[in-house]
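The primary structure of each chain is shown beneath.
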Amino acid sequence: MVDRHSKNVLIENNWFARIRDNAVEPENFAWNWTIRHNRFVDCYVPFSFEMARSGHFYVYGNLGWNANIPGPSGDDHVRGQLFKFPDAHTADGPHYVFNNTWSTNMAVAKKKRFSQLFHFNNAIALREPDGKPLADPPNVFGSGWQSPDDPRLIGETFVMSEQKRFTKQWAQLRIQFDGDVIEHPNFPDAYRQSGYDLGPNSRSGVLLLEGCVSGKPEDLKLIAAPSAVVSDIKLPAGRSIPSGNEETVIGAWQGEQLISLPTAPFEELWPIDSELAAAEFEVKGFSDI
């Protein structure tokens, strides 16, 4: 059955460069994914979360640059977003997106909806290729962010009304944004006034990056990084762990290391020794394939 697939997935320490489609794209049904310590350079959509049903996602400690378009000039398929969401989604657990750092020219999410999304402690610098702030930054939640929900619309007609902005149905869908610092003049006050229930620790302002070289991880270290919000991270087995402590700051970098949490305990069951892995491969009868 398809709903038994895509469980216990760990994606870490990868480079995704100039991908003109979706870099990380779970399909249909997905549970217990950890996506950490990856580098995304000029990708069209780093994360496509158009699953019908999912839960227990942990996206943290990733670094991304989107200063240059991932394709030729004049191509229509180059202006992406950090997250692509579906029209409808059922959550069997939370989806955490926290302590990531971006230097980008893209929106967080242009349209549609997602359930149980907890987005916090992310550092999002909206920058030109040379590291200067964008003169006309893209709206964080899509071009139609100012349009209110129409209470007369129901079902598919209501979903269609969200085709130019990320949903404002945060209470019903259990969506939370808090502790993020985003370099946009509308963030957070104008978005709050328009119906986006951003948490009290949401902040704007210019992020002080150590550099601006696209693809150099150390350049996305923050100088004088603001303190992070500490939240409970719920694991699939019912246990919870904190997202940090009183010393944790926003963004992926924590001093000289990327933030790291034990969100993928299933990796302990995988053979990490190359000789052990080869031996297991032969025992299972795959060595001659």
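Placed above this text is the structure.
First things first, this report covers the structure right here in the doc. Note that the structure is predicted; figures quoted are calculated from it, not measured.

## Quick word on the overall build of the chain
Link 1 in the chain: When helices and strands are tallied, the chain shows 4 helices and 20 strands.
Link 2 in the chain: Expressed along its principal axes, the backbone C-alpha trace of the chain runs to roughly 60 × 45 × 45 Å.
Link 3 in the chain: When the 289 residues of the chain are sorted by exposure, 52% land in the buried category.
Link 4 in the chain: Contacts spanning at least 24 positions in sequence make up 67% of the contacts within the chain whose residues lie at least 6 apart.
Link 5 in the chain: Positive and negative side-chain charges in the chain, numbering 27 and 37 respectively, have mean positions lying 6 Å apart.

## What about the sheet that holds strand β9 (residues 83-84)?
Link 1 in the chain: Here we have 3 strands laid out as an open sheet, ordered β3-β6-β9, and parallel in their pairing. Two strands in the sheet have a free side with no partner beyond their single neighbour: β3 (22-24) and β9.
Link 2 in the chain: The pairing of strand β6 (residues 45-48) with β9 spans 2 bridges and is classified as parallel. Bridging from a neighbouring strand, Ser48 pairs with Lys84 of β9.

## Observations regarding the nonpolar core
Link 1 in the chain: In this structure, Phe47, Phe49, Phe141, Phe166 and Phe177 are the most contacted members of the largest nonpolar core, which totals 41 residues.
Link 2 in the chain: For this core, the secondary structure elements donating two or more residues are β1 (7-12), β3, β4 (29-36), β7 (53-60), β14 (123-126) and α2 (170-173).
Link 3 in the chain: Top contributing element to this core by residue count: β4, with 3 residues.
Link 4 in the chain: The residues touching Phe49, leaving out its near neighbours within four places in the chain, are Pro26, Ile35, Phe57, Val59, Phe83, Lys84, Phe85, Pro86 and Phe114.
Link 5 in the chain: With 15 residues, the next largest nonpolar core counts Trp65, Ala123, Leu209 and Ala228 among its residues.

## Focus: the pattern of salt bridges
Link 1 in the chain: Tallied over the full model, the rule gives 11 salt bridges.
Link 2 in the chain: Between Lys84 and Glu50 there is a salt bridge; the shortest N-O distance is 3.7 Å. In this pair, Lys84 is assigned in strand β9 and Glu50 in the loop between β6 and β7, connecting sequence segments 34 residues apart.
Link 3 in the chain: The exposure class assigned to Lys84 is partly exposed, which follows from its relative accessible area of 29%.
Link 4 in the chain: Across the pair Arg113 and Glu162 runs a salt bridge, and its minimum N-O distance is 2.9 Å. Taken together, the residues span a long stretch of sequence, with Arg113 in the loop between β12 (101-104) and β13 (117-120) and Glu162 in the loop between α1 (155-160) and α2 at a distance of 49 residues. Considered together, Arg113 and Glu162 belong to a single accessibility category, that of buried residues.
Link 5 in the chain: Where salt bridges share partners, they join Glu12, Arg36 and Glu267 into one cluster.

## A word on the packing of aromatic side chains
What describes a pair of aromatic rings is the distance from one ring centre to the other and the angle between the planes of the rings.
Link 1 in the chain: All chains considered together, the criterion is met by 31 aromatic pairs.
Link 2 in the chain: Here Trp33 and Phe57 contribute two aromatic rings whose centre-to-centre distance is 5.6 Å and whose plane-to-plane angle is 5°, an arrangement assigned as stacked. Of this pair, Trp33 sits in strand β4 while Phe57 sits in strand β7, and the two are 24 residues apart along the sequence.
Link 3 in the chain: A residue is classified by how much of its surface remains accessible, and Trp33, at 8% relative accessible area, is buried.
Link 4 in the chain: Given a relative accessible area of 1%, Phe57 falls into the buried group.
Link 5 in the chain: One Lys or Arg, Lys221, reaches over the ring of Trp253 and ends 4.9 Å from the middle of that ring.

## Some remarks on the state of the cysteines
Link 1 in the chain: Per the stated rule, a full pass over the model turns up 0 disulfides.
Link 2 in the chain: Looking at Cys43, it has no disulfide partner, and the nearest cysteine sulfur is the one in Cys212, 19 Å off.

## So, unusual backbone geometry
Link 1 in the chain: Between Phe187 and the following residue, Pro188, the backbone shows a cis peptide bond with an omega angle of 0°.
Link 2 in the chain: Backbone geometry at Asn28 places phi at a positive 60°, although glycine is not the residue there.
Link 3 in the chain: Of note, Arg174 is a non-glycine position whose phi angle comes to about 55°, a positive value.
Link 4 in the chain: Checked against the element boundaries, Arg174 lands in the loop between α2 and β15 (176-178).

## Here we look at empty space enclosed by the protein
Link 1 in the chain: On inspection of all chains with the given rule, the structure shows 3 cavities of 30 Å³ or more.
Link 2 in the chain: Approximately 50 Å³ is the volume found for the largest cavity.
Link 3 in the chain: Of the residues in the lining of the largest cavity, the class split is 7 nonpolar, 4 polar and 1 charged.

## Some points on a nonpolar patch on the surface
Link 1 in the chain: A cluster of nonpolar residues, Val206, Leu208 and Ile223, forms a patch on the protein surface that exposes about 290 Å² of accessible area.
Link 2 in the chain: By secondary structure assignment, the location of Val206 is in the loop between α3 (189-193) and β17 (232-234).

Each value, and the rule that gives it
- Residues numbered from 1 in each chain as written.
- Predicted model: local features only at pLDDT ≥ 70, side-chain atom pairs only at ≥ 80, totals over all residues.
- Heavy atoms only, no water.
- Helix = DSSP H or I, 4+ residues; strand = E, 2+ residues; numbered from the N terminus.
- Buried < 20%, exposed > 50% of the residue type's maximum accessible area, 1.4 Å probe, protein only.
- Contact = heavy atoms within 4.5 Å.
- Lys, Arg positive; Asp, Glu negative; His and termini not counted.
- Charge placed at Lys NZ, Arg CZ, Asp CG, Glu CD.
- Pairing = 2+ DSSP bridges.
- Core = buried A, V, L, I, M, F, W, Y, C linked by side-chain atoms within 4.5 Å.
- Salt bridge = Lys/Arg side-chain N within 4 Å of Asp/Glu carboxyl O.
- Phe/Tyr/Trp six-rings, centres within 6.5 Å; stacked < 30°, edge-to-face > 60°.
- Lys NZ or Arg CZ within 6 Å of the ring centre and 35° of its normal.
- Disulfide = S-S within 2.5 Å.
- 1 Å grid on protein atoms, 1.4 Å probe; cavity = no way out; pocket = protein on both sides within 12 Å on 5 of 7 lines; lining within 4 Å.
- Points joined across faces, edges and corners; volume = space filled by probe spheres on them.
- Nonpolar A, V, L, I, M, F, W, Y, C, P; charged D, E, K, R; others polar.
- Patch = residues over 30% accessible without salt bridge, like charges linked within 9 Å, V, L, I, M, F, W, Y side chains within 5 Å.
- Areas by Shrake-Rupley, 256 points an atom, 1.4 Å probe, with all protein chains shown as cover.

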